[in-house]
Amino acid sequence: NEQLQRRDAINDVLDGLLDLDTHAQRCVQQTAAPTPSLIHNAMVLNDDQKLGLYVALPLYFTMFGIMGILGWRTKAKRASSQPKEDLDGEGEMVSHFVAGKSLGSFVTVMTIFASLFSGYTMVGVPNEAFKDGYKALRWIPSKLFMAFGYMCTSPRLRRISLIRHYHSPLDFITDRFRSQFLRYSIFVILLVPSIIYLAAQPITLKGNFNDLFGLEDDNVIAPVAICAFILVLEWIGGLNVVAYTDSAQGILMILAFVLMSSTLCHLYGGWGSDIFNPKTYPAPTFFQVPSTEDQVAMWSFSLQWISFAALPHFQQRTYASADFKSMKLAYFVISLAPWLTMLVGVFSGTLGVYLLQGQETSNPFTGVVAELMSASGFGYVAGLLILVGSVAAIISTADSLLIATTHMVMSEVVNPAMKNASHARVSFVSKVVSFTVMALGLVIALTDDGALSDLAAVQNGMCLQAVPTLLIGLFFAPRFTPHAWIIAVGALAGFITTVVINYTWNEKEDNYFFNAGVWGLCHNIGIMFTLEMALRLCRASEWRAPKWDVPNTDNFGGDMPITYDWLNGLMRNVREPFKSEWFVGMFLVTSVLLLPCNSAGLPELGEQAADGTYPDFAPTTVGGYPDWVFKLLMGSVVLSLTLLWGISKLPSNLDDLSDLQDDSEYLPKKKLKSSTSLPTSSPSGVPAVGKVVTTDHAIAT
């Protein structure tokens, strides 16, 4: 009995010492930074936080509906002022899908901003940073590559559209190459990722709402109801409604980013605070230099985002803007916006590693916002706006994808089968098509077993395969232009390669080097080069295009096809960034130099102490983050400045065609209402029916 009593006394003393040690550790943490009031489940809000959402979300959807009504009234007012001869099927297409080409400056800027920075920006980037740390900063150069691709191609597309009456994303490719095979190859390449991306939005909505309110994982009420709401608004107002609601949602997103950054920095400090001391930070490996494979993957990941130049909903806005001055302002905004959006997202994710340590969560973003709402009254209001902003970001992406996909299907599939259709018929059929597209997206989303996430990972890689076609058509001389069919085969080969690599090679971690889309692009260009060289070595002097391969180009208002010389003459007084070797070279070289380029895994962590810290770990930091991160950020600053320089050289009066008034071939032509004879000449590599085509030109490398 005495031995048992003695043992119990010793155990009591040991328990007391453990309690003292735990208390001491908590005191140290409290002196370094505020201790997070961890909730029992980092994914679910408490009752007080849910109550605020019950008020904020209905207010948001009310605002959403009001903006939709304003867009509908704008469309109706424009239709009432149009002459009767313009109220045909083609007039309805222009009015509904490109807002009558009348979007003002503010609306143009905000709809492009809201479309570029999607729900992943609000939710996915913080979650990625929570897992991968500072490597998530790859999103800053990625978004700058988006701006680079868009600002290099859209000025020329817009100026051409003023003469050739473009409104569909594939109008230029159809008019330039005059090949049905190429036209519908690019159609498939752009349609598939658009449907995948659209289907991903209901999945994100379902996950967000179910996590926020603690609902069952299979609850689908929220995504179905929201998608139905989006569909009705698209029906009544087309792009006018989408652009107006995007404007309101864009403002809400900007406000959410500002509040998130300012409030989190006020409560916990920035990257230079004690929380981010590499010796005590819960994830010290974030401070180490990424592996060589990760560094190359970061660059190739950024490169693939140049694909946004070919995305349907961005080309749609290029044609919808009332003037180029609005587009130029949008270029400025999207070249600077990543510093607000992506930087805040990465910061909140890395801070979440500290706030949510010891918690198991699949959605760290919600956990960080819940902590913010628990910290103070101002944090509560800020958190509500952030959560509503995340919903707005997802919806702005969904409605843009819906109308762009519907527009593409109507222009390339339905309209060719409905010649001389009336205004009312086109309006009705477009509603049926948009319903079908949304229903397809919902079915894919609600029956997904995880396969969609794999496809969504390569959607930009799929779209990337359309970029060579766009660049060849816009900028390449005849001797560098492959045959239209060869371009189509290369694009399809790259598309298939992207999907195959994503499902096979990239599943092996030791083989993950380049992004799947970049490998597909290499295959795309390689196939084009090989086939074109084989065609020229065979000295094929004559080839007649089959009748089915020649599209009807009457709606483009010209009886002559577009040629390289015609394009250069059209842009002869415009200083285009893409044609400046200094601009393109500076951007691409800087995008490589901003990588760490240091030995991977340095510095070493050293021995771990009993309290879980690494006292010997001493990485070089600048402002609280590693030196390699500082290099990446400074390189991204150079990228932004390079973009701003290129934008400043673009003329604000690009839409003014007075400098071409002496050349009748450049004057805007009236659309032809009846079929006309096919052109008697065609550009190199673009066969017309019965036309002998010489293939005496070199392949683009």
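Reading the values: rules and limits
- Residues numbered from 1 in each chain as written.
- Predicted model: local features only at pLDDT ≥ 70, side-chain atom pairs only at ≥ 80, totals over all residues.
- Heavy atoms only, no water.
- Helix = DSSP H or I, 4+ residues; strand = E, 2+ residues; numbered from the N terminus.
- Buried < 20%, exposed > 50% of the residue type's maximum accessible area, 1.4 Å probe, protein only.
- Contact = heavy atoms within 4.5 Å.
- Polar contact = N/O pair within 3.5 Å; in protein donor to acceptor, adjacent residues only side chain to side chain.
- Core = buried A, V, L, I, M, F, W, Y, C linked by side-chain atoms within 4.5 Å.
- Expected span 1.5 Å × (residues − 1).
- Phe/Tyr/Trp six-rings, centres within 6.5 Å; stacked < 30°, edge-to-face > 60°.
- Lys NZ or Arg CZ within 6 Å of the ring centre and 35° of its normal.
- Salt bridge = Lys/Arg side-chain N within 4 Å of Asp/Glu carboxyl O.
- Axes fitted to C-alpha atoms, helices over the stretch in contact; angles between N-to-C directions.
- Parallel < 35°, antiparallel > 145°, perpendicular 65-115°, else oblique.
- Left-handed = near helix turned anticlockwise from the far one by under 90°.
- Patch = residues over 30% accessible without salt bridge, like charges linked within 9 Å, V, L, I, M, F, W, Y side chains within 5 Å.
- Areas by Shrake-Rupley, 256 points an atom, 1.4 Å probe, with all protein chains shown as cover.
- pLDDT = per-residue confidence, 0-100.

Caption draft 1: Local environment of the overall build of the chain. The helix and strand inventory of the chain stands at 24 helices and two strands. When the 701 residues of the chain are sorted by exposure, 56% land in the buried category. Here the contacts in the chain between residues at least 6 apart in sequence split such that 87% fall between residues at least 24 apart.

Caption draft 2: The side chain of Ser 591, seen in detail. Position of Ser 591 relative to the elements: it lies in helix 23 (residues 581–593). Side chain to side chain, Ser 591 and Trp 299 meet in a polar contact 3.1 Å long. Apart from the residues within four sequence positions on either side, Ser 591 is in contact with Phe 145, Trp 299 and Leu 639.

Caption draft 3: Inspection of the side chain of Gln 295 at higher detail. Here Gln 295 shows up in helix 10 (residues 292–304). Residue class for Gln 295 comes out buried when judged on its relative accessible area of 6%. Residue contacts for Gln 295: discarding those within four places in its chain leaves Val 289, Pro 290, Leu 595, Pro 596, Cys 597 and Asn 598.

Caption draft 4: How the structure looks around the nonpolar core. Among the nonpolar cores identified, the biggest contains 193 residues, and Leu 53, Tyr 134, Ile 160, Phe 172 and Ile 186 are the most heavily contacted of them. At 19 residues, helix 9 (residues 221–268) tops the list of elements feeding residues into this core. Residues in contact with Tyr 134, not counting those within four places in the same chain, are Trp 271, Phe 276, Phe 286, Phe 287, Gly 624, Tyr 625, Pro 626, Trp 628 and Val 629.

Caption draft 5: Main features of helix 12 (residues 324–336). The terminal C-alpha atoms of helix 12 lie 19 Å apart, and with 13 residues this matches the ideal 18 Å at 1.5 Å per residue to within 8%. Along helix 12, the residues classified as buried are Phe 324, Ser 326, Met 327, Lys 328, Ala 330, Tyr 331, Ile 334 and Ser 335. Among the structural elements, helix 4 (105–116), helix 6 (139–164), helix 11 (312–320), helix 13 (338–355) and helix 24 (627–648) are those in contact with the buried residues of helix 12. You can read the cap of helix 12 off the contacts: a side-chain oxygen lies 3.3 Å from the backbone nitrogen of Lys 325, and it is on Asp 323.

Caption draft 6: Representation of the packing of aromatic side chains within the structure. Considering all chains together, one arrives at 33 aromatic pairs under this definition. Residues Tyr 166 and Tyr 319 carry aromatic rings whose centres are separated by 6.3 Å and whose planes lie at 65° to one another, so their mutual orientation is edge-to-face. With Tyr 166 in the loop between helix 6 and helix 7 (171–177) and Tyr 319 in helix 11, the pair connects residues that are 153 residues apart, well separated along the chain. In this pair, the class of Tyr 166 matches that of Tyr 319, namely buried. A network of ring pairs unites the aromatic residues Tyr 134, Trp 271, Phe 276, Tyr 281, Phe 286, Phe 287, Phe 347 and Tyr 625 as a single cluster. When the ring centre of Trp 305 is taken as origin, the NZ or CZ atom of Lys 143, which lies over that ring, is 5.5 Å away. The residue whose ring lies beneath Arg 164 is Trp 566, and the NZ or CZ to ring-centre distance is 5.6 Å.

Caption draft 7: Representation of unusual backbone geometry. In the Ramachandran plot, Ala 99 falls in the positive-phi region, its phi being about 55° despite a non-glycine side chain. Overall, the relative accessible area of 0% leaves Ala 99 in the buried class. Even without being glycine, Lys 101 reaches a positive phi, approximately 55°. Here Lys 101 is to be found in the loop between helix 3 (89–97) and helix 4. Note on Lys 101: relative accessible area 28%, which makes it partly exposed.

Caption draft 8: Region of the structure containing the environment of Asn 415. Summarising the element assignment, Asn 415 is placed in the loop between helix 15 (377–414) and helix 16 (423–446). By relative accessible area, which is 16% here, Asn 415 ends up buried. Sequence separation of Asn 415 and Met 93 is 322 residues, and the distance between their C-alpha atoms is 9.5 Å. Contact partners of Asn 415, with chain neighbours within four places excluded, come to Glu 90, Met 93, Met 410 and Val 426.

Caption draft 9: Spotlight on the pattern of salt bridges. Enumeration according to the criterion identifies ten salt bridges in this entry. Lys 131 is paired through a salt bridge with Asp 132; the nearest N and O atoms lie 3.3 Å apart. Look at Lys 131 and you get exposed, because its relative accessible area is 63%. With a shortest N-O distance of 2.7 Å, Glu 532 and Arg 536 are connected by a salt bridge. One end of the pair is Glu 532 and the other is Arg 536, both in helix 21 (residues 516–537) and four residues apart, which spans about a single turn. For the residue pair Glu 532 and Arg 536, the accessibility class agrees, reading buried in each case.

Caption draft 10: Molecular detail of the packing of helix 9 against helix 13. Across the interface, helix 9 lies against helix 13 with an axial gap of 10 Å and an inter-helix angle of 40°. The orientation of helix 9 relative to helix 13 falls into the category oblique. The handedness of the crossing between helix 9 and helix 13 comes out as left-handed. Across the interface between the two elements, Ile 254, Phe 257, Val 258, Met 260, Ser 261, Leu 264, Cys 265 and Tyr 268 from helix 9 touch Leu 340, Thr 341, Val 344, Phe 347, Ser 348, Leu 351 and Leu 355 from helix 13.

Caption draft 11: Region of interest: helix 8 (residues 180–213). With 34 residues, helix 8 should reach 50 Å at 1.5 Å per residue; the first-to-last C-alpha distance of 50 Å fits that figure. By the criterion of burial, helix 8 is predominantly enclosed, with 27 of the 34 residues buried. Count one or two residues on from helix 8 and you reach Gly 214, which has phi positive near 65°.

Caption draft 12: Local environment of the environment of Gly 526. Tracing the backbone through its elements, the reader meets Gly 526 in helix 21. Residue class for Gly 526 comes out partly exposed when judged on its relative accessible area of 31%. The spatial distance from the C-alpha of Gly 526 to the C-alpha of Ala 493 is 9.8 Å, given a sequence separation of 33 residues.

Caption draft 13: Region of interest: a nonpolar patch on the surface. On the surface, a nonpolar cluster with roughly 370 Å² of combined accessible area is contributed by Val 622, Phe 630, Met 634, Val 637 and Leu 641. Per element, the largest residue contribution to the nonpolar patch is four residues, and it comes from helix 24. Judged by relative accessible area, Phe 630 falls into the partly exposed class, the value being 31%.

Caption draft 14: The arrangement of the packing of helix 2 (residues 47–80) against helix 15 in detail. Across the interface, helix 2 lies against helix 15 with an axial gap of 10 Å and an inter-helix angle of 40°. By the angle between their axes, helix 2 is oblique relative to helix 15. The two elements helix 2 and helix 15 cross, and the hand of that crossing is right-handed. Residues Asp 48, Gln 49, Leu 51, Gly 52, Leu 53, Ala 56, Leu 57, Tyr 60, Phe 61 and Phe 64 of helix 2 touch helix 15, and the partners they reach there are Tyr 380, Leu 384, Leu 387, Val 388, Val 391, Ala 392, Ile 395 and Asp 399.

Caption draft 15: Representation of the environment of Met 63. Checked against the element boundaries, Met 63 lands in helix 2. Distance from Met 63 to Gln 249, taken between C-alpha atoms, is 9.5 Å for residues 186 residues apart in sequence.

Caption draft 16: Highlighting the confidence of the model for the chain. On average, residues of the chain score 81 in pLDDT, and 83% of them are at 70 or above. Across the chain, element-level confidence peaks in helix 19 (residues 467–475) with a mean pLDDT of 95 and bottoms out in helix 1 (residues 2–32) with 54. Overall, residues 22–43 carries pLDDT values under 50, and its contacts beyond four positions in sequence, including any with other chains, amount to 35 contacts. Contacts of residues 671–701 to residues separated by more than four positions or lying in other chains number 85 contacts, the stretch itself having pLDDT below 50.

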